[in-house]
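Below, each chain spelled out in residue letters.
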Amino acid sequence: MEKLMKKIDTLIHAKWIMTGEDNHHILEHHSLVIQNKKILAILPSHEAKQKYQANKEEHYSSHLITPGLINSHTHLAMNLLRGFADDLELMNWLNHYIWPAEGKWVSPEFVYDGSLLAIAEMIRCGTTCFNDMYFFPEATAEAAELAGIRAHIGMTIIDVPTAYAKTTDEYFRKAEKFYQRYKQHEMIIPTLAPHSTYTVSIANLEKIKRMADDYRLKINIHLQESPAEVEQSITNYHQRPLQRLHDIGMVTPDLIAIHMTQINDADLAILQETQPSLVHCPESNMKLVSGACPVEKLLQHGINVALGTDGAASNNDLDMIGEMRTAALLGKITAGDPKALSAEVALKMATANSAKALGIHHYTGSLQVGKAADFIAMDMDHMETQPIYHPISQMVYASSRNQVTDVWVNGKQLLKDRKLTTLDEKELIEKAQVWRNKIKN
């Protein structure tokens, strides 16, 4: 008697599957079995076809399947300021261009429209989860819910009045409200997001630490991004920014330290002792001439380094595939070693390491049985990526974001054959042009 086939939600057949486990093993002609938003099995395709009957079946005959990319640091709504102020040093860029523009234009509508535009771009680049830091977080959360993407959304705290809040106490009240609204959400995770040590007082940073401990939240902060920031801290407080945070107990595995281009031996010792995660944003750091994070040295010392794009106002894109390539190449120059920061390591920074930084590695960041069905398909059958000896090398060093054809988050398809399934591309472009006309005029 013929054996009954097990009914499942989705069956994904692929030429290659890179699971994202430490050995970077590539499975050829294998299939993902998806049931109830999770990976039920990974097995050879001929076995999967005999064993399972799927409601939906996809054949990626020339594709590489990888875990979804995780953008560990963004300012999504700043997509509406892409190209607004280019070719400037960090503090000049912030003080004379970005902060004045934000003061005039940032609103819930600005953040919602900018976040949708950014999320659409990220999905088309293979991003399935992002970690954001900006104002009006409810607007970003609503955009993420509409799109169906995973979102870690920072509750911004800064000792500067903005369109979002006029006093630091108001920032804290709004953070509390946002946390209470989203604390049980499946796809949206609140985090605390003090801007930096030069825009938030130690007293308020201590208050942030207490709130993070009470609610078990991650803390995101721009830290030691540029030489000027470190010099200012030494002049004003006789300490480096990392040491100031360490003194109040904030440097723990729950800290996400963003940029960290300026690291000396004392900093390295603190990082080894306390084990926070760092987020490397190479393209933004290069463009603003902020410096280069010594990624290879950090990884050798057992420190988790994730990957992010920063905002599109300083990058000027949210392309994690391009960011991986830049990270790998810059890492070699910084270390003076062509073996430093391989393609496999760059991909791990954008997947498993980023998941670890966000505290979600138990359910995403790699393709394993029981984890969420968060994955992307890249068509490698392009002239620009032929011939293929090593699929991961081709992905990182030769592929473009336009080769991402399909994106799945939590078992739901958000991109199919390069077409967004949850967002209207034409409408997003029209809204972006409306904002451009407002801001330019």
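Residues numbered from 1 in each chain as written. Predicted model: local features only at pLDDT ≥ 70, side-chain atom pairs only at ≥ 80, totals over all residues. Heavy atoms only, no water.

Participant: Explanation requested: unusual backbone geometry in the structure shown.
Facilitator: The omega angle of the peptide bond from N315 to N316 is 20°, so this bond is cis rather than trans. Of note, N316 is situated in the loop between β12 (305–307) and α12 (320–335). Across the junction of Q386 and P387, the peptide omega takes the value -10°, indicating a cis bond. With respect to the helices and strands, P387 occurs in the loop between β13 (375–379) and α15 (391–397). (Helix = DSSP H or I, 4+ residues; strand = E, 2+ residues; numbered from the N terminus.)

Participant: Can you help me understand the packing of aromatic side chains in this one?
Facilitator: Within a pair of aromatic rings, the relevant descriptors are the distance that separates the centres and the angle that separates the planes. The full count for this structure, using the stated rule, is 8 aromatic pairs. Seen from their ring centres, Y164 and Y171 are 6.0 Å apart, and the 55° between their planes marks the pair as tilted. Residue classification places Y164 among the buried residues on the basis of a relative accessible area of 5%. Taken together, a centroid distance of 4.8 Å and an interplanar angle of 40° make the contact between F178 and Y182 tilted. Highlighted residues: F178 and Y182, both in helix α5 (residues 168–182), separated by 4 residues, approximately one helical turn. The same class applies to F178 and to Y182, which are both buried. Taken together, Y134, F135, F136, Y164 and Y171 form an aromatic cluster joined through their ring pairs. Sitting over the ring of F172, K207 keeps its end group 4.3 Å from the ring centre. (Phe/Tyr/Trp six-rings, centres within 6.5 Å; stacked < 30°, edge-to-face > 60°. Buried < 20%, exposed > 50% of the residue type's maximum accessible area, 1.4 Å probe, protein only. Lys NZ or Arg CZ within 6 Å of the ring centre and 35° of its normal.)

Participant: When you look at the packing of helix α4 (residues 137–147) against α5 in this model, what are you seeing that I'm missing?
Facilitator: Packed helix pairs are specified by the crossing angle of their axes together with the interaxial distance, meaning the distance between the axes. Packing of α4 against α5 brings their axes to within 10 Å, and their N-to-C directions diverge by 25°. For the element pair α4 / α5, the angle class is roughly parallel. Contact residues: P137, E138, A141, E142 and E145 in α4; F178, R181 and Y182 in α5. Across the contact of α4 with α5, the residue classes break down as 4 nonpolar, no polar and 4 charged. (Axes fitted to C-alpha atoms, helices over the stretch in contact; angles between N-to-C directions. Parallel < 35°, antiparallel > 145°, perpendicular 65-115°, else oblique. Contact = heavy atoms within 4.5 Å. Nonpolar A, V, L, I, M, F, W, Y, C, P; charged D, E, K, R; others polar.)

Participant: So what exactly am I meant to see when it comes to the packing of helix α3 (residues 108–124) against α4 here?
Facilitator: Two elements in contact, α3 and α4, have axes whose closest approach is 8 Å; the angle formed by their N-to-C orientations is 40°. As far as their axial angle goes, α4 and α3 are oblique. The hand of the α3/α4 crossing is right-handed. Judged by residue contacts, P108, V111, Y112, S115, L116, I119 and I123 of α3 engage A139, T140, E142, A143, A144, L146 and A147 from α4. (Left-handed = near helix turned anticlockwise from the far one by under 90°.)

Participant: Mind showing me how you'd approach the pairing of β13 here?
Facilitator: The two faces of a sheet get side chains in turn, since along a regular strand they alternate between them. Counting buried positions along β13 gives 5 out of 5 residues, so the element sits mostly inside the fold. Side chains F375, A377 and D379 of β13 all project onto a buried face; the interleaved residues I376 and M378 project onto the opposite face, where all are buried too. With 4 bridges connecting them, β13 and strand β14 (residues 404–409) associate as antiparallel partners. Paired with I376 across the strands is V407, a residue of β14. (Pairing = 2+ DSSP bridges.)

Participant: Whenever I open this one, the pairing of strand β8 (residues 188–194) confuses me. Can you help?
Facilitator: Among the 7 residues that make up β8, 6 are buried, leaving the element largely enclosed by the rest of the structure. By the bridge criterion, 7 bridges tie strand β7 (residues 150–157) to β8 in an arrangement that is parallel. Residue pairing in the sheet places T156 in a bridge with A193 of β8. Read as a crossover between parallel neighbours, the route from β7 over α5 to β8 is right-handed. (Right-handed = clockwise from strand over helix to strand, strands pointing away.)

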